[in-house]
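# Residue-level structural notes
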Amino acid sequence: MTDEDIWYFKYTGYYRVPETLPEYLVNRLNEVTCKQVDEMIEPIVWEEKGDRRPEMVRRLSKIIERDPVYLEAASYPAILDSIEGYLGPNIELLTNKHNHIMVRPAGSYPVPWHSGEQPWEPTLITALIYLEESTIENGCVRIVPGSHARPFNTAKRPGGEWKDANEYRRALPVPMPKGGVLLFNDCCYHGSGINSTDQSRRSVTIGYRAHDSHDTLKDDPEKIIVRGERIYTGHTYPWPSE
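In what follows, the accompanying structure is described. Keep in mind that what you see is a predicted model, and the values were worked out from it rather than measured. (Residues numbered from 1 in each chain as written. Predicted model: local features only at pLDDT ≥ 70, side-chain atom pairs only at ≥ 80, totals over all residues. Heavy atoms only, no water.)

## As for the side chain of Arg 66
To be explicit about the condition: What counts as a helix is a DSSP run of H or I of at least four residues, what counts as a strand is a run of E of at least two, and both are numbered from the N terminus. Exposure classes here rest on a 1.4 Å probe applied to the protein chains alone. A residue is buried below 20% of its type maximum, exposed above 50%, and partly exposed in between. In this charge count, Lys and Arg are treated as positive and Asp and Glu as negative; neither His nor the chain ends contribute. Salt bridge, as applied in this entry: a Lys or Arg side-chain nitrogen positioned within 4 Å of an Asp or Glu carboxyl oxygen. Pairs of N or O atoms are called polar contacts if they sit within 3.5 Å, as long as, within protein, a hydrogen donor faces a hydrogen acceptor (for residues adjacent in sequence, only side-chain-to-side-chain pairs). Note on contacts: a residue pair qualifies if any of its non-hydrogen atoms lie within 4.5 Å across the two residues.
Along the polypeptide, Arg 66 turns up in the loop between strand E3 (57-61) and helix H3 (68-74). In this structure Arg 66 is buried but unpaired, with Glu 42 as the nearest side chain of opposite charge at 6.3 Å. For Arg 66, the side chain forms a polar contact with the side chain of Gln 36, separated by 2.5 Å. Of the polar contacts made by the side chain of Arg 66, one reaches the backbone oxygen of Pro 43; its length is 2.7 Å. Once you skip the residues sitting within four places of it in the chain, Arg 66 turns out to touch Gln 36, Ile 41, Glu 42, Pro 43, Leu 60 and Ser 61.

Written out as structure tokens, the structure is:
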């Protein structure tokens, strides 16, 4: 990333990675995902709770545990290079945040407006890795630029109708190509419209944070170090007298 790229990312809160994932990797991701959907392997979030068919799978959860290809994609160098520009050299992937695939089948209802984090919380970068093209018609993500820097308290989920919300008129739609990667500060307000096409709109969702160098416990099972190392810069631990 250039200095201007980093400035843009930090100022607006989002960044489109210039490089797409290689075709072979996207194909493998789709093959594994198709198998998971067809076999309805839990945990799953359904479009309708009472209708459990493959074509009604809305989200596959806990994907890092499902197949190594998902961690391979989440660790792709171009993604981590861009995240490093924002978070620094020591990057952890969180398995207890995001860690899912939005399948978004035909007719899938909107993802409500929300902010994943509050401004005072540690920065979390969300990566959306697109297994299929994302368009306005099939419900691409919409982001409110700069909302991660809001100097006031607001609800993380403002509620209300999708198009009636203030977030809708402030947001920008962000269409993405198959294999593309969108990064954004999870504190930004974002959401997705209805999928009004007859095809799915798949995207992998992964969360990253900078490793906290003051953490004394370095073997958190919910975090995977994907770049750099788990360094410690706090006071001597344990204390010499202990």
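Next comes the rest of the description.
## Let's talk about the packing of helix H1 (residues 3-12) against helix H4 (residues 77-87)
Note the cut-off: Axis lines are fitted to C-alpha atoms, over the contacting stretch for helices. Their N-to-C directions set the angle, which ranges from 0 to 180 degrees. In this scheme, roughly parallel covers angles under 35 degrees and roughly antiparallel covers those over 145, while 65 to 115 is roughly perpendicular and the rest are oblique. Whether a crossing is left-handed or right-handed is set by the direction in which the near helix is turned from the far one by less than a right angle, anticlockwise for left-handed and clockwise for right-handed. Residue polarity is assigned by list, with Asp, Glu, Lys and Arg as charged and Ala, Val, Leu, Ile, Met, Phe, Trp, Tyr, Cys and Pro as nonpolar; anything else, Gly included, falls into the polar class.
Across the interface, H1 lies against H4 with an axial gap of 9 Å and an inter-helix angle of 70°. Classified by the angle between their axes, H1 and H4 sit roughly perpendicular to one another. Judged by the sense of rotation from one axis to the other, the crossing of H1 with H4 is right-handed. On H4, the residues touching Ile 6, Phe 9 and Lys 10 of H1 are Ser 82, Gly 85 and Tyr 86. The residue makeup of the contact of H1 with H4, split by class, is three nonpolar, two polar and one charged.

## Overview of the nonpolar core
So the rule is basically this: Residue types Ala, Val, Leu, Ile, Met, Phe, Trp, Tyr and Cys, when buried and joined through side-chain atoms within 4.5 Å, form a set referred to as a nonpolar core.
Judged by nonpolar contacts, the single largest core of 41 residues is most densely connected at Leu 21, Ile 79, Leu 183 and Tyr 208. In terms of residues, this core owes the most to one element, H4, which gives six residues. Grouped together as the second largest cluster of nonpolar side chains are ten residues, Tyr 14, Tyr 130, Val 141 and Phe 184 included.

## Side note on a nonpolar patch on the surface
Definition in use: Patches here: salt-bridge-free residues with over 30% relative accessible area, like charges joined within 9 Å, nonpolar side chains (Val, Leu, Ile, Met, Phe, Trp, Tyr) joined within 5 Å. Only the protein chains shown count as cover for residues, with accessible areas throughout obtained via the Shrake-Rupley method and a probe of 1.4 Å.
A surface patch of nonpolar side chains, about 380 Å² in accessible area, is lined by Trp 7, Tyr 8 and Tyr 11. If you trace the backbone, Tyr 11 turns up in helix H1. Look at Tyr 11 and you get exposed, because its relative accessible area is 57%.

## What to know about the packing of aromatic side chains
Any pair of aromatic rings gets described here by the distance separating the centres and the angle formed by the planes. As a reminder of what qualifies: Aromatic contacts are taken between Phe, Tyr and Trp rings whose centres are within 6.5 Å, Trp giving its six-membered ring; a plane angle under 30 degrees counts as stacked, one over 60 as edge-to-face, and the others as tilted. Remark: a charge is flagged as sitting over a ring if the NZ atom of Lys or the CZ atom of Arg is within 6 Å of the ring centre and within 35 degrees of the ring normal.
One pass over the structure, following the stated rule, counts six aromatic pairs. Here the aromatic rings of Trp 162 and Tyr 168 are separated by 6.2 Å at their centres, their planes lie at 70°, and the arrangement is edge-to-face. With a relative accessible area of 13%, Trp 162 lands in the buried category. Judged by relative accessible area, which is 24%, Tyr 168 ranks as partly exposed. A cation sits over an aromatic face here: Lys 10 above Tyr 86, 5.6 Å from the ring centre. Seen from the ring of Tyr 109, Arg 58 lies directly overhead, with NZ or CZ sitting 3.8 Å from the centre.

## Details of the pairing of strand E6 (residues 125-130)
Definition in use: Note on pairing: two strands pair once DSSP finds at least 2 bridges between them.
With respect to burial, E6 is a largely interior element, six of its six residues being buried. The alternating pattern of E6 places Ile 125, Ala 127 and Ile 129 and Thr 126, Leu 128 and Tyr 130 on opposite faces, both of which are buried. Pairing of E6 with strand E9 (residues 181-185) involves five bridges; the strand directions are antiparallel. Along E9, the bridge assignment pairs Ile 129 with Val 181. Of the strand pairs in this sheet, E6 and strand E11 (residues 203-210) are connected by six bridges, and their pairing is antiparallel. Looking at the pairing, Leu 128 lines up with Thr 205 of E11.

## A few points about the sheet that holds strand E8 (residues 172-173)
Pairing between sheet strands relies on hydrogen bonds along the backbone, with the strands arranged either parallel or antiparallel. Read across the sheet, four strands follow the order E5-E10-E7-E8 without closing on themselves; strand pairing throughout is antiparallel. Single-partner strands in this sheet number two, and they are strand E5 (111-114) and E8. In the sheet, strand E7 (residues 141-143) pairs with E8 via two bridges, with the strands oriented antiparallel. Bridging across to E8, Ile 143 finds its partner in Leu 172.

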